[in-house]
Amino acid sequence: MAGKKLSNQTAIVTGANSGIGEGVAISLGEAGANMVINYVANPDAANAVVEKIKSFGSNAIAVQADVSKEDQVISMFQQTVQQFGTVDILVNNAGLQRDAKFHEMTLAQWQLVIDINLTGQFLCAREAIREFLRRGIVPERSVACGKIICMSSVHELIPWSGHANYATSKGGIKMLMQSMAQEYGREKIRVNSICPGAIKTPINKTAWETPEAYNSLMTLIPYDRIGVPEDIGKLAVFLASDDSDYITGASIFIDGGMTVFEGFATGG
Ligand code: BGC
């Protein structure tokens, strides 16, 4: 796979068997990376992503692990190193929503979202950084020692009624990402966040599945279309490659303008 942007590099994408994770994994695989397709349930969907990536001529394996479980995360990294020798790129993508009015939110709903969305990113990033430091820079592959991309959200900035657990997890990811970027910049480890707005995936189906819902969603998006996983995939390839070598500690919003607060176009 010589000559492609991510040739000979190995990437783990968590939650890569659906939605944004699937789109990102396919884009990185198309760019030549060896891919680890992490999933927790639905192995058939993970294997379908593996097959698609192999059709581009890249290597891919599916690895089951719950990102909120330390032993499973450690085992996923061990399997990756065994298979491909090292890890160059981590995309901390796995995430979920358990929405509820704040006064009705159960501790279980709160805890699950924090465990998967935030603690899961900590556990995976820690293993990635341990492996980056062990391996050191390999100039033939990348000028950086390693790259971590955290999947955040516009909701690291925009508060979200009925989704306090989710918005809190994304706010936490912002500081996790920036603290890691600060701590490991001198080791040439780059850490950035992608902050998607509304992307057409199963997580937000109710926001786009009917014309009424879609039209209401569009009142929040000046660019007047919903995003697709490929939009995020292209940005992930850029952030994983040396094309973005001077970018670290950044939250990059990719939202059709959701964060320019469309409501103020006529109000305020
Ligand atoms: C959420 C989606 C939502 C989008 C914009 C994402 O982080 O997961 O459900 O549509 O933010 O509000």
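Every value quoted in this text rests on a predicted model; they were computed, and no experiment measured them. Along each chain, residues carry numbers from 1 onward, in the same order as the chain's sequence is written. Predicted model: local features are reported for residues with pLDDT of at least 70 only, side-chain atom pairs are reported and counted for 80 or more only, and whole-chain, interface and lining totals are derived from all residues. Here the side-chain values reflect all heavy atoms present in the structure, with hydrogen atoms and water set aside.

**Focus: the overall build of the protein**
Alright, step 1. A run of H or I in DSSP counts as a helix once it spans at least four residues, and a run of E counts as a strand once it spans at least two, with each numbered from the N terminus. Assigned secondary structure in the protein consists of 7 helices and 7 strands.
Alright, step 2. Starting at the N terminus, the α and β elements of the protein follow one another as β-α-β-α-β-α-β-α-β-α-β-α-α-β.
Alright, step 3. In terms of C-alpha radius of gyration, the protein reaches 18 Å, essentially the compact-globule figure of 18 Å for 268 residues.
Alright, step 4. Over its C-alpha atoms, taken along the principal directions, the protein stretches across nearly 55 × 40 × 40 Å.
Alright, step 5. Computed over 22 positive and 27 negative side-chain charges, the separation of the two mean positions in the protein equals 4 Å. As a reference, a globule follows 2.2 Å times the number of residues to the power 0.38, and the radius of gyration itself is taken over C-alpha atoms. Positive: Lys, Arg. Negative: Asp, Glu. His and the chain ends are not part of the count. By convention, the charge on Lys lies at NZ, on Arg at CZ, on Asp at CG and on Glu at CD.

**A word on empty space enclosed by the protein**
Alright, step 1. The way it works is a 1 Å grid over only the protein atoms, where trapped points that fit a 1.4 Å probe form a cavity and open points with protein on both sides within 12 Å along at least five of seven lines form a pocket, and then any residue with an atom within 4 Å of a point lines it. Grid points are joined across faces, edges and corners, and a volume is the space filled by probe spheres set on the points. Tallied over the entire structure, the rule returns 1 cavity of 30 Å³ or more.
Alright, step 2. Here the largest cavity defines a volume of roughly 40 Å³.
Alright, step 3. Lining the largest cavity are Q9, D88, R135, V138, R141, S142, A144, C145, G146 and K147.
Alright, step 4. Residues are sorted three ways: Asp, Glu, Lys and Arg are charged, Ala, Val, Leu, Ile, Met, Phe, Trp, Tyr, Cys and Pro are nonpolar, and all the rest, Gly among them, are polar. For the lining of the largest cavity, the per-class residue count stands at 3 nonpolar, 3 polar and 4 charged.

**Quick notes on the packing of helix α3 (residues 70–84) against helix α4 (residues 107–135)**
Alright, step 1. Running from N to C, α3 and α4 point in directions that differ by 35°, and their axes come no closer than 9 Å. Crossing geometry of α3 relative to α4 is assigned as right-handed. On α4, the residues touching E70, V73, I74, M76, F77 and V81 of α3 are L123, C124, R126, E127, A128 and E131.
Alright, step 2. When the residues that make up the contact of α3 with α4 are grouped by side-chain class, the tally is 8 nonpolar, no polar and 4 charged. Structural elements are reduced to axes, namely lines fitted to C-alpha atoms, with helices fitted over the stretch in contact, and the angle between N-to-C directions of any two is expressed from 0 to 180 degrees. The sense of a crossing depends on the near helix, which, turned anticlockwise from the far helix by less than a right angle, makes the crossing left-handed and, turned clockwise, makes it right-handed. The criterion used for residue contact is that any of the two residues' heavy atoms lie within 4.5 Å.

**Observations regarding the site of the ligand**
Alright, step 1. Here a residue is considered near a molecule or strand provided that any single heavy atom belonging to it is located within 4 Å of it. The ligand sits among Q97, S153, H155, W160, Y166, G197, A198, I203, N204 and M258.
Alright, step 2. Q97 has a polar side-chain atom sitting 2.6 Å from an oxygen atom of the ligand.
Alright, step 3. Whenever two N or O atoms come within 3.5 Å, that pair is a polar contact, provided that in protein one can donate a hydrogen and the other can accept it, and provided that, for residues adjacent in sequence, both atoms are side-chain atoms. One of the side-chain N or O atoms of Y166 is found 2.5 Å from an oxygen atom in the ligand.
Alright, step 4. Areas reported as accessible are Shrake-Rupley estimates using a 1.4 Å probe. Residue values count occlusion only from the protein chains shown. In isolation the ligand offers 310 Å² of accessible surface; the protein chains occlude 89% of this area.
Alright, step 5. Any molecule with more than half of its atoms within 2 Å of a cavity's or pocket's grid points is counted as sitting in it. Here the ligand occupies the largest pocket.
Alright, step 6. Along the lines of polarity and charge, the residues of the shell around the ligand split into 5 nonpolar, 5 polar and no charged.

**Considerations on the sheet that holds strand β1 (residues 10–13)**
Across a sheet, paired strands are connected by hydrogen bonds in the backbone, their directions being either parallel or antiparallel.
Alright, step 1. Reading across the sheet, the 7 strands line up as β3-β2-β1-β4-β5-β6-β7 and stay open at both edges, with parallel pairing between neighbours. At either end of the open sheet lies a strand with only one pairing partner, and these are β3 (60–64) and β7 (251–254). On average, each strand axis in the sheet is tilted by 20° relative to the strand beside it, whichever way the strands run.
Alright, step 2. What makes two strands pair is DSSP finding at least two bridges between them. Sheet analysis places strand β5 (residues 146–151) next to strand β6 (residues 189–196), joined by 6 bridges and oriented parallel.

**Remarks on the nonpolar core**
Across soluble globular proteins, nonpolar side chains have a tendency to be buried as a group.
Alright, step 1. Ranked by internal contacts, the top residues of the largest apolar core, which has 34 residues, are F77, L90, F132, I148 and V191.
Alright, step 2. Listing elements by their share of this core, those giving two or more residues are β3, α3, α4, β5, α5 (164–184) and β6.
Alright, step 3. With sequence-adjacent residues up to four places away left out, I148 is seen in contact with L90, N92, A125, A128, I129, F132, R190, V191 and N192.
Alright, step 4. With 31 residues, the next largest nonpolar core counts A25, A31, I53 and I194 among its residues. As used here, the term nonpolar core means buried Ala, Val, Leu, Ile, Met, Phe, Trp, Tyr and Cys residues forming a set that is joined through side-chain atoms within 4.5 Å. Note on classification: 1.4 Å probe, protein chains only; a residue is buried when its accessible area is under 20% of the maximum for its type, exposed when over 50%, partly exposed between these limits.

**With respect to the pattern of salt bridges**
Between side chains of opposite charge, a pair can form when the charged atoms approach closely.
Alright, step 1. Salt bridges are counted wherever a side-chain nitrogen of Lys or Arg sits within 4 Å of a carboxyl oxygen of Asp or Glu. One pass over the structure, following the stated rule, counts 11 salt bridges.
Alright, step 2. E127 is the partner of R130 in a salt bridge, and the nearest nitrogen-oxygen pair spans 2.9 Å. Pair noted here: R130 and E127 are both in helix α4, with a separation of 3 residues, about one helical turn.
Alright, step 3. The exposure class of R130 is partly exposed, given its relative accessible area of 45%.
Alright, step 4. Three or more residues are tied together by salt bridges with common partners; here these are E70, R126, E127 and R130.

**Digging into a nonpolar patch on the surface**
Alright, step 1. On the surface, a cluster of nonpolar side chains totalling about 410 Å² of accessible area is made up of L157, F253, F261 and F264.
Alright, step 2. For F264, the location among the structural elements is in the segment after β7. Residues enter a patch when their relative accessible area is above 30% and they make no salt bridge; the linking distance is 9 Å between like charges and 5 Å between nonpolar side chains (Val, Leu, Ile, Met, Phe, Trp, Tyr).

**Some remarks on helix α7 (residues 229–240)**
Think of an α-helix as 3.6 residues a turn; residues three or four steps apart then line up on the same face.
Alright, step 1. One fewer than the residue count of a helix, multiplied by 1.5 Å, yields its expected span. Here α7 is 12 residues long and its end C-alpha atoms lie 16 Å apart, about the 16 Å a rise of 1.5 Å per residue gives.
Alright, step 2. Burial of α7 is extensive: 9 of the 12 residues sit out of reach of the surface.
Alright, step 3. If you check which residues of α7 are buried, you get P229, D231, I232, G233, L235, A236, V237, L239 and A240.
Alright, step 4. Of the surrounding elements, those touching the buried residues of α7 are α1 (19–30), β4 (89–92), β5, β6 and β7.

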